[in-house]
Amino acid sequence: MSLNVSFFKSLFFYFFRILFRQFTNPKSQHRSTVNNIHATLTHGKYRKYHSLAHRSDVQDDLSTQTLIFDVEGALLKSSSVFPYFMLVAFEAGGLIRAFVLLLSYPILCLVNEEMGLQIMVMVCFFGIKKDNFRVGTAVLPKFFLEDVGFEILQVLQRGGKRVGVSNMPQVMIDSFLKDYLEIDVVVGRDLKVFCGYYVGLMEERKNDNKLVLEEMQLGHQNNNFNDDVIGISSFNNSLDHKLFLQCKEIYLVRRSDKRSWQHLPSDKYPTPLVFHDGRLALRPTPLASLVIFMWLPFAFPLAVFRVLVSIIIAHDISLPILAFTGLRLTVTPPSKTSHSTPSSSPSSKTKRPQQRGLLYVCNHRTLLDPVYMGFALKKNLTAVTYSLSRMSEILAPNKTVRLTRDRDQDGKMMEGLLNQGDLVVCPEGTTCREPYLLRFSPLFADMSDNIVPVAVNTYVTMFYGTTASGLKCLDPFIFLMNPSSSYTMEFLHAVSGLYTCPDGEKSRFDVANHVQSEIGKALGFECTKLTRRDKYMILAGNEGIACTGNKKS
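Rules used throughout
Residues numbered from 1 in each chain as written. Predicted model: local features only at pLDDT ≥ 70, side-chain atom pairs only at ≥ 80, totals over all residues. Heavy atoms only, no water. UniProt positions renumbered as here; feature names shortened; annotations may be inferred. Helix = DSSP H or I, 4+ residues; strand = E, 2+ residues; numbered from the N terminus. Buried < 20%, exposed > 50% of the residue type's maximum accessible area, 1.4 Å probe, protein only. Contact = heavy atoms within 4.5 Å. Phe/Tyr/Trp six-rings, centres within 6.5 Å; stacked < 30°, edge-to-face > 60°. Pairing = 2+ DSSP bridges.

The protein chain has the name Phospholipid/glycerol acyltransferase domain-containing protein in an unreviewed UniProt entry, where Dipteronia sinensis is given as its organism. Regarding the protein chain, the UniProt comment filed under Sequence similarities (unreviewed entry) reads as follows: "Belongs to the GPAT/DAPAT family." In UniProt, the protein chain has this text filed under Subcellular location (unreviewed entry): "Membrane".

A. Broad picture of the environment of Leu437. Counting through the fold element by element, Leu437 comes out in strand 14 (residues 436-437). The exposure class assigned to Leu437 is buried, which follows from its relative accessible area of 0%. Those residues in contact with Leu437 that lie beyond four places of it in its chain are Asn363, Glu428, Gln516, Ile519, Gly520, Phe525, Glu526, Cys527 and Thr528.

B. Region of interest: the environment of Pro483. If you trace the backbone, Pro483 turns up in the loop between helix 20 (475-480) and strand 16 (485-491). In the structure, Pro483 is positioned 158 residues away from Thr325 in sequence and 8.1 Å away in space, judged by C-alpha atoms. Once residues within four sequence positions are removed from consideration, Pro483 is found in contact with Trp295, Arg306, Thr325, Gly326, Thr461 and Met462.

C. Molecular detail of the packing of aromatic side chains. Throughout the structure, instances matching the rule amount to 14 aromatic pairs. Centroid distance Phe144 to Phe176: 4.7 Å. Interplanar angle 20 degrees. Geometry classified as stacked. With Phe144 in helix 9 (residues 140-145) and Phe176 in helix 11 (residues 170-180), the pair connects residues that are 32 residues apart, well separated along the chain. Note on Phe176: relative accessible area 0%, which makes it buried.

D. Spatial organisation of the pairing of strand 10 (residues 359-362). Where burial is concerned, the two faces of strand 10 agree: the one with Leu359 and Val361 and the one with Tyr360 and Cys362 are both buried. Strand direction decides the pairing type here: strand 10 and strand 13 (residues 423-425), joined by three bridges, are parallel. In the sheet register, Tyr360 faces strand 13, and the bridge partner there is Val424. By the bridge criterion, four bridges tie strand 10 to strand 15 (residues 451-460) in an arrangement that is parallel. Among the inter-strand pairings, Val361 is bridged to a residue of strand 15, identified as Pro453.

Here is the structure:
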């Protein structure tokens, strides 16, 4: 106890010493830098353009240029960074911290940009453990990418070397710019850290940018380096970073330019966004954030009601009730051939029972996939899962059986379950939110010749019902807290497995890849070779090893 008191006492005095220095500093050096830049502009070192469109040869001669661009002022369509800090507060700090940030929004509107930024950093980062902060890599890139202007990115992609400058903390923008937009150098603000925890304050900008300039000069043979550098900023942002002193020309982006830009299409991302984490499914603008907090008191009892209806009431009655509460289910019924057993090879010999259940194979969107499939078929199904929390098992209206990840043992278990009735399996082994299919495990391929692929897709309005780093036991409940959500299920033609296939005619991998391909075609999703391990390495920094009482899926 005394150790904890000592730690927080030291943190308290350290925090106020830095805070006093932060707000009593007249920032004369900062003003001097800004004045020097604008003075240089006035005396003609720069050629100042009103828009990139005023440079006639911009289409042709950027491959040898270094482009320094302002992330907030020139790359993103939105003029507000509040949604990104709300994501940090909500995903890394929780509901209370997010609510405090929302309450501070009127103050943010009254103070200047720098002061507002300091307030948001203080609210969002104070007390967050540095090593556990993964919002910048797992959550923010999705929302940043959706805010990128397509036209300005096309210009940046023509540059020889690209340098992104931002007033936001480096940990918020680094992964988005480097991993997904392939920006060479990222210059953001560093955060102060004490005993491994953020204290909610930003470091002052460094007086020299020697290391950044050296990195920018790599590959340039021209001795006059300044002739190779072009700056891109906006009319609303002051050029308060010394890197802009290296520019020969500066182009300024108007608000009208941003309004005319298209949003960057997902198929044009330099690096595809396959995985992302976080609970919020909508961009948390101030108005959207207010709506979220107003909805939460109604969301909890609504989710409880939906759970009770699905568990207690029969399918024929519960479906209309759930639809009335906002849960929509669209089913494309299987054709007659989907339920027929594929023709067996005359030479095949087997001692397995002839009357076996159907094996439904679907892609994995949420933990409720087997439940909705039961609603779609209006019968109870047995679902095999790679890992599932105890809470989800208890609340599941259908029978669930865990796989051990031992192929022989799991194969015998699934064969026994098929002899008892219909079975549903999600061979991806984990959920994926984006229009991609992960690699299908081939375990199901030789279990049955009655394999029915099912193409599943979901839509949510407010909260994602999946997570890689949060509490898995809450996933179904969070999904049911949405004001409205929808499931679509399309039953495809039956696929022949290895049950009656002569040895050597095809492998279980061929069957798994064929089923993945058919589901991908039906949904318009791209098939990948990514696995569950890849997902957890990107989003959580581990291999997805299940912990006691909180197994990951």
